[in-house]
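Chains, contacts and geometry: an overview
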Amino acid sequence: MLQVGIVGLPNAGKSTLFNALAKAHAATAGHPFTTVEPNVGIAMVPDPRLDALAAALKPERVVRAQVRFVDIAGLVRGAHRGEGLGNRFLGLIREVDAVVLVLRAFVSETIPHPDGSVNPVGDLEALVTELGLADLETVTAAASKASRRAAATKQGSERSRAAALEHAEEVLDRGVPVRAELSPDELAVLRDSFLLTAKPFLYVVNVGEEHLGRETELLENVRAVVPSGAELVAVSAKLEEEVEDLPDEEAQALLEEYGIQERGTARIAQSARRLLGLITFYSIESGEVRAWLVSQGTVARDAAGEIHTDMRRGFVKAEVVPAEALASAGSMATARERGLARIEGKDYLVHDGDVLTFRFTA
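Residues numbered from 1 in each chain as written. Predicted model: local features only at pLDDT ≥ 70, side-chain atom pairs only at ≥ 80, totals over all residues. Heavy atoms only, no water.

Quick look at the overall build of the protein chain
Applied cut-off: Put simply, DSSP H or I for four residues or longer makes a helix, DSSP E for two residues or longer makes a strand, and each gets a number counted from the N terminus. Radius of gyration means the value over C-alpha atoms here, while the globule rule gives 2.2 Å times the residue count to the 0.38 power. When a residue's accessible area, from a 1.4 Å probe over protein chains only, is under 20% of the maximum for its type it is buried; when over 50% it is exposed; and in between it is partly exposed. Every residue pair with non-hydrogen atoms within 4.5 Å of one another is taken to be in contact. Positive charges are assigned to Lys and Arg, negative charges to Asp and Glu, while His and the chain termini are left out of the count. The atom standing in for a charge is NZ when the residue is Lys, CZ when it is Arg, CG when it is Asp and CD when it is Glu.
Of regular secondary structure, the protein chain possesses 15 helices and twelve strands. Relative to the 2.2 N^0.38 estimate, which gives 21 Å for 362 residues, the radius of gyration of the protein chain is 23 Å and therefore close to what a compact globule would have. Oriented by its inertia axes, the alpha-carbon framework of the protein chain measures out at about 65 × 65 × 35 Å. Looking at the protein chain residue by residue over its 362 residues, the buried ones come to 48%. Once local pairs closer than 6 in sequence are excluded, the contacts in the protein chain between residues at least 24 apart make up 67%. Distance between charge centres in the protein chain, computed from 39 positive and 53 negative side chains, equals 7 Å.

So this is what it looks like as structure tokens:
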């Protein structure tokens, strides 16, 4: 399951956003460290194609792709040294696939900003600095050991690890995330170090309701300091949390009052998918329509293995039909009659939106 960590300064709206994403009811308050124990929740990924398939096929069960969110205590300056509570929980997000950086852009007289004034760019700099310093401690401790092992064993793998750690230490010492400068091969060598700044970052600017519909300036200020092409989303976490418990029609009506055509939580899910290079395929076995998230470049046999290892082991072939075509046809039988389905082998490159039916031997 895709795992995403939520990080921000105290009172940035992390737990409010977590509640909206995971349909949870984590405590929120206008003082720092309301989150002491980490909040963990499962969010269902919004998926209009899955909705269309369900409406057409009328299955007994519909299973959405899921994302596991981990909301940790607010980080403060000095968290890497144990200041505040953040350092206690940094380890909890070392194994996530991506990190959401929540940047506060809303003003509130009852919810003070820890630095005294609202400054999303300043928040971003503080967060990246603390994550980088935590990584620097990890890398510095590991680099000397790796260097000694490389000298003692003279193994290529040990030399590669020592060199990657040395490069990471130099990069982090300049205040730069390792993902920005280390090569893919170096990042792969250091994967088991679980470096925080090696993870993809999704930047979420938490705006006030008064900014909805005119977030451009706030976003541009942040965009100027994030890497080119970074995933950046503006949401009102408070509004998203409010509409989460409303019936669909009421929620949509309220969002439209603010000029919002698409839920912020849906845009975050889509951004996370792009950030991690994920695509969605669907299975329709045994009265169930289910969505699966896999990496772009996954072949049919490996996609079968996502459902069950026996399917991968005994893979014979895959029947493929695009989700939109199947929804339009209304049934697999009709799709076959119209020539919309085709047979593919184990090395078929799965496309986003494929509906796959696997044939395999037990």
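A word on a nonpolar patch on the surface
Counted only if it meets this: Each patch groups residues whose relative accessible area exceeds 30% and which form no salt bridge, using 9 Å between like charges and 5 Å between nonpolar side chains of Val, Leu, Ile, Met, Phe, Trp and Tyr. Reported accessibility uses the Shrake-Rupley method at a 1.4 Å probe radius. Residues are deemed covered only where the shown protein chains occlude them. A pair is scored as a salt bridge if a Lys or Arg side-chain nitrogen falls within 4 Å of a carboxyl oxygen belonging to Asp or Glu.
A grouping of Met 1, Ile 42 and Met 44 is seen on the molecular surface, where their side chains present a nonpolar patch of about 300 Å² in accessible area. Take Met 44: it is sitting in strand β2 (residues 39–44). You can call Met 44 partly exposed: its relative accessible area is 45%.

A short note on the packing of helix α1 (residues 14–22) against helix α9 (residues 237–244)
Note the cut-off: Angles here are taken between N-to-C directions and fall from 0 to 180 degrees, while the axes themselves are lines fitted to C-alpha atoms, restricted in helices to the stretch in contact. Here a crossing is taken to be left-handed if its near helix is turned anticlockwise relative to the far helix by less than a right angle, and right-handed if that turn runs clockwise. All residues other than Ala, Val, Leu, Ile, Met, Phe, Trp, Tyr, Cys, Pro, Asp, Glu, Lys and Arg, Gly among them, are scored as polar; the first ten of these are nonpolar and the last four charged.
Running from amino to carboxyl end, α1 crosses α9 at an angle of 35 degrees, the nearest separation of the two axes being 8 Å. You can see that α1 and α9 cross each other, and the crossing is left-handed. Where α1 approaches α9, its residues Thr 16, Leu 17, Asn 19 and Ala 20 are matched on the opposing element by Ala 237, Lys 238, Glu 240, Glu 241 and Glu 244. Across the contact of α1 with α9, the residue classes break down as three nonpolar, two polar and four charged.

Some details on the nonpolar core
Note the threshold: Nonpolar core, defined: a set of buried Ala, Val, Leu, Ile, Met, Phe, Trp, Tyr and Cys residues in which side-chain atoms within 4.5 Å join the residues together.
Ranked by size, the top nonpolar core spans 39 residues in total, and within it Leu 17, Phe 69, Ile 268, Leu 326 and Val 355 carry the most contacts. Apart from the residues within four sequence positions on either side, Leu 17 is in contact with Val 100, Val 102, Val 204, Val 235, Ala 237 and Ile 268. Grouped together as the second largest cluster of nonpolar side chains are 36 residues, Leu 131, Tyr 203, Val 205 and Ile 260 included.

Observations regarding the environment of Leu 232
Along the chain, Leu 232 falls in strand β7 (residues 231–235). We classify Leu 232 as buried; its relative accessible area is 12%. C-alpha of Leu 232 to C-alpha of Gln 261: the two residues are 29 residues apart in sequence and 17 Å apart in space.

Description of the sheet that holds β2
Note the cut-off: Note: two strands are recorded as paired if DSSP finds a minimum of 2 bridges between them.
Strand order across the open sheet formed by six strands is β2-β4-β1-β5-β6-β7, with mixed pairing between neighbours. Each end of this open sheet is capped by a strand with a single partner; those strands are β2 and β7. Strand-to-strand twist in this sheet, taken as the mean axis angle between neighbours without regard to direction, amounts to 25 degrees. Bridging between strand β1 (residues 2–8) and strand β5 (residues 98–105) involves five bridges; their strand directions are parallel. Residue pairing across strands places Ile 6 opposite Val 100, the latter belonging to β5. Where α1 meets the sheet, its contacts fall on β1, β2, β4 (66–71), β5, β6 (201–207) and β7, and the angle it forms with β2 comes to roughly 40 degrees.

Re the packing of aromatic side chains
Put simply, the rule is: What counts as a ring pair is set by centres within 6.5 Å for rings of Phe, Tyr and Trp (its six-membered ring), and what kind of pair is set by the plane angle: stacked under 30 degrees, edge-to-face over 60, tilted for all other angles.
As enumerated under the stated definition, the model contains four aromatic pairs in all. Seen in terms of ring centroids, Phe 201 and Tyr 203 are 6.3 Å apart; in terms of plane orientation they differ by 90 degrees. Their pairing is edge-to-face. With relative accessibility at 8%, the residue Phe 201 sits in the buried group. Taken together, the ring pairs in this structure connect Phe 281, Trp 292, Phe 315 and Phe 358 into an aromatic cluster.

Some points on the layout of surface pockets
So the rule is basically this: A 1.4 Å probe that fits but cannot get out identifies a cavity on a 1 Å grid over protein atoms alone, an open set with protein on both sides within 12 Å along at least five of seven lines counts as a pocket, and a residue lines either if it has an atom within 4 Å of a point. Grid points are joined across faces, edges and corners, and a volume is the space filled by probe spheres set on the points.
Estimated volume of the largest pocket: approximately 820 Å³. For the largest pocket, the lining is made up of 32 residues, of which Lys 23, Pro 46, Glu 244, Arg 263 and Thr 265 are closest to its centre. Mapped by element, the contributors of at least two residues to the lining of the largest pocket are α1, β2, α2 (48–57), β4, α9, α10 (248–257) and α11 (264–275). By residue number, the principal contributor to the lining of the largest pocket is α11, which donates six residues. Residue composition of the lining of the largest pocket, by class: 20 nonpolar, four polar and eight charged.

Some thoughts on the pairing of β4
A regular strand carries its side chains on alternate faces of the sheet. Of the pairings in the sheet, the one linking β1 to β4 comprises five bridges and is parallel in character. Looking across to β4, one finds that Ile 6 is bridged to Asp 71. The sheet contact formed by β2 and β4 spans six bridges and is antiparallel. Residue pairing in the sheet places Val 40 in a bridge with Val 70 of β4.

Description of the side chain of Arg 161
Note on placement: Arg 161 falls in helix α5 (residues 156–173). Take Arg 161: its relative accessible area is 17%, and that puts it in the buried class. When near neighbours in sequence (up to four residues on either side) are disregarded, Arg 161 contacts Arg 149, Val 189, Leu 190, Asp 192 and Ser 193.

Re the pattern of salt bridges
Under the counting rule described, the total for this entry stands at 20 salt bridges. The salt bridge partner of Lys 14 is Asp 71, with a shortest N-O separation of 2.9 Å. Taken together, the residues span a long stretch of sequence, with Lys 14 in helix α1 and Asp 71 in strand β4 at a distance of 57 residues. Residue Lys 14 is classed as buried on the basis of its relative accessible area of 6%. Accessibility expressed as a relative area gives 0% for Asp 71, which makes it buried.

Considerations on the pairing of strand β8 (residues 278–283)
Of all six residues making up β8, six are buried, and the element is well covered by its neighbours. Burial along β8 is two-sided: Leu 278, Thr 280 and Tyr 282 facing one way and Ile 279, Phe 281 and Ser 283 facing the other are all buried. As consecutive antiparallel partners, β8 and strand β9 (residues 288–295) are separated by four residues, and within that stretch Ser 286 has a phi angle of approximately 55 degrees, a positive value.

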